[in-house]
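Here is how the chains run, residue by residue.
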Amino acid sequence: MSYEKKILQMKQMLKKKSPTTEKEQPKFKKPNPPLYADAWDEVGLKKISNDWGTVFLKETHYDLDYQHGKYKLGQFYDALALWDQYEDEHPLKLTSDDLAIFYDTETTGLKGVGTHIFLNGLLEESPHGFTLKQYILADPANETAFLFESRFWQGEKTVITYNGKSFDWPQLQTRWTLNRQHLPPLKTQHQIDLFHSSKRIWKNDLGRMKLSMVEEQKLGFARIDDLPGYLAPIVYLDAVRSGEYEALFQVLTHNEYDLLSLITLFVQATQLVFSEVEKNNATVHTNIGKWYNDLKQSDRGIHLLEGISETYNEKEAAQANYLLANQQKRKKDFVSAAENYKKALPYLVERQWIDASIELAKLYEHQLDDLIDAETYTLNALYKVKSAKFYKKEVKSNKIAEIEKRFLRIRRKQGIK
Amino acid sequence: MIREKRTVKQLIDLWQSDPKMQSRVQHIRVLDEKEATYASFPEQLHPSIRKALASRGIHQLYSHQREAFDYATADQSFTAVTPTASGKSLCYNLPVLQGIMENPQARALYLFPTKALAQDQKSEMNALIEAMDEEILCYTYDGDTAPGIRQKVRKAGHIVMTNPDMLHSGILPHHTKWVSLFENLKYIIVDELHTYKGVFGSHVGHVLRRLQRICHYYGSNPVFICTSATIQNPKELAEALTNTTHELIEKNGAPSGKKTFLFYNPPIVNETFGIRRSAILEVKDLAKKLYESEIQTIIFAKSRVRVEMLVTYLKSLTFQKIHDESVRGYRGGYLPSERRIIEKGLRDGTIQTVISTNALELGVDIGQLQACIMTGYPGNIASAWQQAGRAGRRQDDALIIYVAQSTALDQYVIQHPDYLLGNKPEEARVYPENMLILMDHLKCAAFELPFNQGDSYAEFDVDDLLTYLVEEKILLKTSETWHWMSDSFPAHDISLRSASQENVVIIDRTLTGKASVIGEMDRYSAMTLLHEEAIYIHQGTQYQVEELDWEEKKAYVKEVDVNYFTDANLAVELKVISEDKTMKLGKATASFGDVMTLATATIFKKIRFNTHDNIGSGPIHLPPEELHTSGTWLNFEQPTDWTDDDLNGAMLGVAYAMNSFIPLYIQSDRSDVHVVPQVKAIHNNQPTFFIYDRYPGGIGLSERVYDYWQSLIEHVYDHVESCSCQIGCPSCIGAQDQSGDAKDKVLHFLQSFLLEELMK
């Protein structure tokens with residue numbers, strides 16, 4: 001029977017209510033544990049009962065020399081030691097004074113109030129290693145109990161996630177809001193989002209920034225028989241309807257991999273940010289130098305970029321030279337700036353080529369007093385802009401007007417001299 | 001060109017002495033001017049609001065604005081009937097601003113049917129706030145709102161202006177991000193109430209029910225303020241839409257000048273077929289005369305193409321002057337800044353003529369003009385009044401010219417000016433009981449907040465329906481609560497605007513590689529109008545359907561130039577499923593209930609223009625469409641002296657005319673209901689006319705017709721009788737063979753059979 005037919009046959013089921021006075025919201029009534037609670041408890045999903053109801057917990061311990069991909073978890077402390085020495089602010093900064101929690105959720109959907117978090121995975125330091133606590137929503141009636149156990153209402157923590165700023169944390173806030181009559185307020189916790197860091201570090205180097213891609217290409221970890229993330233909701237929806245738990249363990253493993261990878265990703269990202277230049281990947285190092293510049297820590301940026309310039313050949317170092325020139329110009333080291341622009345120029349993409357040429361024209365016109373060179377770079381830029389296809393119409397005509405103005409002025413100056 | 005400035009009065013006098021005009025103007029009606037009724041400012045009105053009003057020269061209110069203020073501040077929901085230019089925005093803006101001045105936490109949510117209207121009102125509101133010199137934040141929130149400021153709007157906006165679609169899919173399903181709005185919501189403003197009718201209105205009614213459910217959850221109990229154009233049942237509509245008791249403010253205190261209505265019928269160019277000269281050409285000529293007399297005029301045309309035709313033509317009047325902007329087009333999609341320019345141009349007189357689509361009907365304020373021309377009847381009285389309301393400044397005389405097209409409705413209106421001016425505009429109805437619409441929104445509501453056992457959803461008791469959704473694996477029931485347990489996002493699957501969920505998209509691929517979508521059509525109409533080889537006429541251009549992909553709901557068309565049109569036969573099987581109401585009308589019986597229709601497109605004919613010869617035919621291969629809906633039917637004993645064939649022909653003619661008349665009774669689009677005649681209906685073996693809602697589950701339209709059968713048939717008779725054609729034409733009973741006496745038979749059937757024998 002078609003959906004429409006079915007619904008329309010239910011017409012007689014529709015009753016209207018006469019308006020009644022609204023009854024008061026009843027006080028909190030502790031929900032019953034689901035029917036499958038004991039069965040799940042027996043297979044290792046520990047049944048926990050708190051004031052608000054029931055929640056399941058799977059706890060796993062890892063020693064410091066536990067190997068995940070090419071790292072041991074203990075290397076986390078080497079990373080902390082590096083940050084302990086770092087005086088400025090940095091989005092990745094995490095010191096031994098911070099209480100770090102690696103956090104990853106699994107949810108029943110992608111957005112909206114009807115999407116539940118059904119798994120809170122929390123990976124923390126513990127004596128002799130790390131402990132993973134995976135809290136599983138017993139059923140939607142027991143959500144308050146589930147949220148309470150996350151302890152995010154307690155203490156000052158640094159929450160480390162992969163895309164948590166836009167996904168996991170807002171989802172948690174939504175669930176918290178719905179249970180706010182009963183829960184202590186959710187604390188605004190400091191966050192480190194390794195998705196953002198990965199984008200800064202591996203831009204133009206990795207095609208996609210999916211965690212599994214980073215694992216495979218960078219962290220030396222390959223997942224075997226991993227449950228694809230998009231199947232997780234279906235598994236949970238089925239588990240709470242049928243009480244079947246087998247497939248749920250696959251979701252737990254998936255979540256466990258995610259969290260272990262976050263530790264090693266943090267280790268690698270830290271190493272890259274701190275490392276002196278080695279001969280392996282100019283793109284990554286240039287990205288990190290640019291990151292420093294954007295954080296207004298240009299001394300570090302310049303130092304790193306100079307290192308790239310010395311270590312790699314001119315083609316590989318072209319981006320670094322270009323960025324270096326920008327910084328040097330800002331620091332009024334005009335001679336070095338011009339030199340680095342010129343070094344970069346033959347290898348730049350068209351848009352940067354135009355910008356670099358204009359910068360050179362400016363430098364030669366105003367600072368280095370070489371009007372002939374200034375005119376040459378101006379004309380080169382003008383020619384390229386006119387044939388460029390990537391500008392929006394308005395941007396293009398503004399650019400042309402600007403360059404033509406410069407050209408006429410340079411001509412005029414030459415005439416006077 | 002001779003330009004000679006005239007007043008409206010001088011122009012009317014001039015036309016009255018012109019024999020050509022005399023023969024075409026079939027009626028002249030004059031509405032007298034009306035003085036303003038004022039009321040003083042309410043005592044508690046905040047000083048900074050007084051200051052802002054004073055800066056605009058306002059020192060007292062119109063009586064309806066004061067009444068609105070008093071209801072709102074007494075926490076009484078109300079609906080105000082506000083014709084164009086009656087100062088409606090102060091009806092809601094004053095209490096809202098007062099509420100925020102008294103409690104800076106208070107919030108207001110404004111709903112407008114379109115984004116453009118929200119933009120307009122935001123500018124107006126912000127101007128007022130600026131004049132008050134207070135810190136009140138007013139924002140629009142829709143698809144165009146920049147992601148960067150969305151958070152600010154959610155958390156800090158005192159006044160949020162949006163549309164029902166955004167509320168439905170962008171706000172309600174994310175209500176936890178709007179806690180400060182929902183906790184403190186004091187007023188919900190529903191502007192242009194009359195636009196929320198039929199399927200769309202029924203959807204919006206549910207969106208408002210969901211909104212109230214969420215407000216209740218956060219502990220607020222907002223007051224509804226609705227404003228509506230003149231319709232017959234504003235209070236009833238508001239109450240059905242908001243599920244709240246309303247007071248009605250009907251008496252409008254704003255003044256209006258004298259209005260003269262001219263009913264203009266283009267001359268007949270083909271006697272046999274009753275075809276008149278194109279209305280658009282007549283409008284051109286009239287507009288030219290008004291332009292030459294320097295009378296500021298607004299012209300309404302039904303489509304963008306027509307607007308463009310008129311703009312091009314009228315601009316040629318001014319081509320000699322460089323940069324002459326005295327003629328401007330106005331279509332949907334103009335930016336507020338462009339509207340400001342038009343508004344300013346009208347004020348300072350640089351713009352003389354504005355040509356607009358119906359977009360301007362919807363409250364967009366471009367100021368008042370001296371004259372208004374309607375190209376054709378806009379489909380209902382309420383719209384006609386809105387268009388007419390564009391003309392008329394406080395003291396000035398206003399001229400409104402209605403130019404009729406050849407269609408049945410237009411001709412009816414010109415024969416019956418009292419229909420339009422008799423001050424009885426249509427009813428607007430919503431039907432939240434429609435099961436499919438209800439089910440859609442029940443899902444959304446369950447997504448937004450869990451249901452507890454015994455909870456109602458608005459006025460509905462839904463425990464059984466929720467149990468059904470558990471079986472469908474959408475909800476999960478714990479001991480006494482239903483929770484959403486699915487990975488889908490229901491609001492995305494539900495569009496408020498489309499009547500039938502799946503429309504056929506029409507794609508023009510005349511130019512290879514440049515295919516473009518030119519329109520869409522509900523799948524029911526598509527069976528007869530978009531089958532392969534059909535000639536589809538879109539804004540005056542002929543297209544032939546090359547391919548109809550029924551699975552994908554796409555029709556591919558190519559522009560052609562042929563001398564025929566196509567006409568498809570639709571065989572409709574009708575089964576009565578249940579009879580809910582029945583009554584005797586003389587010897588006939590009228591009933592109302594559930595029907596199931598099975599429509600199959602069978603064959604199509606190619607019919608030559610003018611001669612109406614059949615020049616070819618072909619089969620149509622489409623699966624039958626099933627529709628379970630509500631309907632009303634009228635059956636009677638077969639007259640003994642009629643053959644089945646004659647009866648069939650006459651009933652077809654009557655059904656054709658009825659189809660064009662139903663919009664007169666129930667404010668609806670023509671495609672919302674359908675008339676089917678059967679010489680022998682399956683369930684009673686009698687000749688029967690069926691009228692059913694063309695939307696699954698029904699939308700309450702045929703239920704209205706059930707009460708109107710008698711007057712419907714009387715009107716059909718009057719109209720067919722007064723039609724100027726000889727043998728039947730598209731304006732009355734449909735195109736007929738040249739030799740036939742179909743029109744006589746139809747009249748005879750209506751008169752001697754239906755009306756005299758059965759209705760007595």
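As the structure is a computational prediction, the values presented were derived from the model and not from experiment. (Residues numbered from 1 in each chain as written. Chains lettered and ligands numbered in written order. Predicted model: local features only at pLDDT ≥ 70, side-chain atom pairs only at ≥ 80, totals over all residues.)

1. Structural notes on the packing of helix α3 (residues 75–84) of chain A against helix α9 (residues 246–274) of chain A
Residue and element names in this part refer to chain A.
Okay, so step 1: Direction vectors running N to C along α3 and α9 enclose 40°, while the axes themselves pass 9 Å from each other. In terms of orientation, α3 and α9 fall into the oblique class. Along this stretch, α3 crosses α9, giving a crossing that reads as left-handed. Of the residues in α9, those touching α3 at Q75, F76, A79, L82 and W83 are I263, F266, V267, T270 and F274.
Okay, so step 2: Taken together, the residues that form the contact of α3 with α9 break down as eight nonpolar, two polar and no charged. (Axes fitted to C-alpha atoms, helices over the stretch in contact; angles between N-to-C directions. Helix = DSSP H or I, 4+ residues; strand = E, 2+ residues; numbered from the N terminus. Parallel < 35°, antiparallel > 145°, perpendicular 65-115°, else oblique. Left-handed = near helix turned anticlockwise from the far one by under 90°. Contact = placed C-beta atoms within 7 Å. Nonpolar A, V, L, I, M, F, W, Y, C, P; charged D, E, K, R; others polar.)

2. Some words on the sheet that holds strand β6 (residues 100–107) of chain A
Residues and elements named next belong to chain A.
Okay, so step 1: Read across the open sheet, the seven strands follow the order β2-β3-β8-β7-β6-β9-β10; overall the sheet is mixed. A strand with exactly one partner marks an edge of an open sheet, and here the two such strands are β2 (46–50) and β10 (190–193). Here the average twist between neighbouring strands, direction ignored, is 30°.
Okay, so step 2: The pairing of strand β3 (residues 53–63) with strand β8 (residues 129–137) spans nine bridges and is classified as antiparallel. (Pairing = 2+ DSSP bridges.)

3. Focus: the UniProt feature "domain: Helicase ATP-binding" (unreviewed entry) in chain B
Okay, so step 1: Here, UniProt's "domain: Helicase ATP-binding" (unreviewed entry) annotation points to residues 69–249 of chain B.
Okay, so step 2: Secondary structure within residues 69–249 of chain B divides into 49% helix and 17% strand; the distance between the first and last C-alpha atoms comes to 11 Å. (UniProt positions renumbered as here; feature names shortened; annotations may be inferred.)

4. Topic: the sheet that holds strand β1 (residues 25–31) of chain B
Residue and element names in this part refer to chain B.
Okay, so step 1: The mixed open sheet is built from seven strands, whose spatial order is β1-β11-β18-β17-β14-β16-β15. One side of each edge strand has no neighbouring strand; the edge strands of this open sheet are β1 and β15 (327–330). With strand direction ignored, the average angle separating the axes of adjacent strands in the sheet is 15°.
Okay, so step 2: Sitting on the sheet, helix α15 (residues 381–388) is in contact with β14 (297–300), β17 (371–375) and β18 (398–403), with an inclination near 145° to β17.

5. Thoughts on the UniProt feature "domain: YprB ribonuclease H-like" (unreviewed entry) in chain A
Okay, so step 1: Sites flagged by UniProt as "domain: YprB ribonuclease H-like" (unreviewed entry) map to residues 101–268 of chain A.
Okay, so step 2: Across residues 101–268 of chain A, helical content stands at 42% and strand content at 20%; the span's end C-alpha atoms are separated by 17 Å.

6. As for the domain arrangement of chain A
Okay, so step 1: For chain A, the assigned domains are domain 1 (37–274), domain 2 (276–331) and domain 3 (349–417).
Okay, so step 2: On a C-alpha basis, the centroid separation for the pair domain 2 of chain A and domain 3 of chain A is 25 Å. (Domains from an automatic or database assignment.)

7. Re the environment of S228(B)
All names here are of chain B.
Okay, so step 1: Within the element layout of this structure, S228 appears in strand β9 (residues 223–228).
Okay, so step 2: By the C-beta count within 10 Å, which is 26 here, S228 ends up buried.
Okay, so step 3: Along the sequence, S228 and L469 sit 241 residues apart, while their C-alpha atoms lie 37 Å from each other.
Okay, so step 4: Ignoring anything within four residues of it in the chain, the contact list for S228 reads T79, V81, L193, H194 and P234. (Buried ≥ 20, exposed ≤ 12 C-beta atoms within 10 Å, placed from the backbone.)

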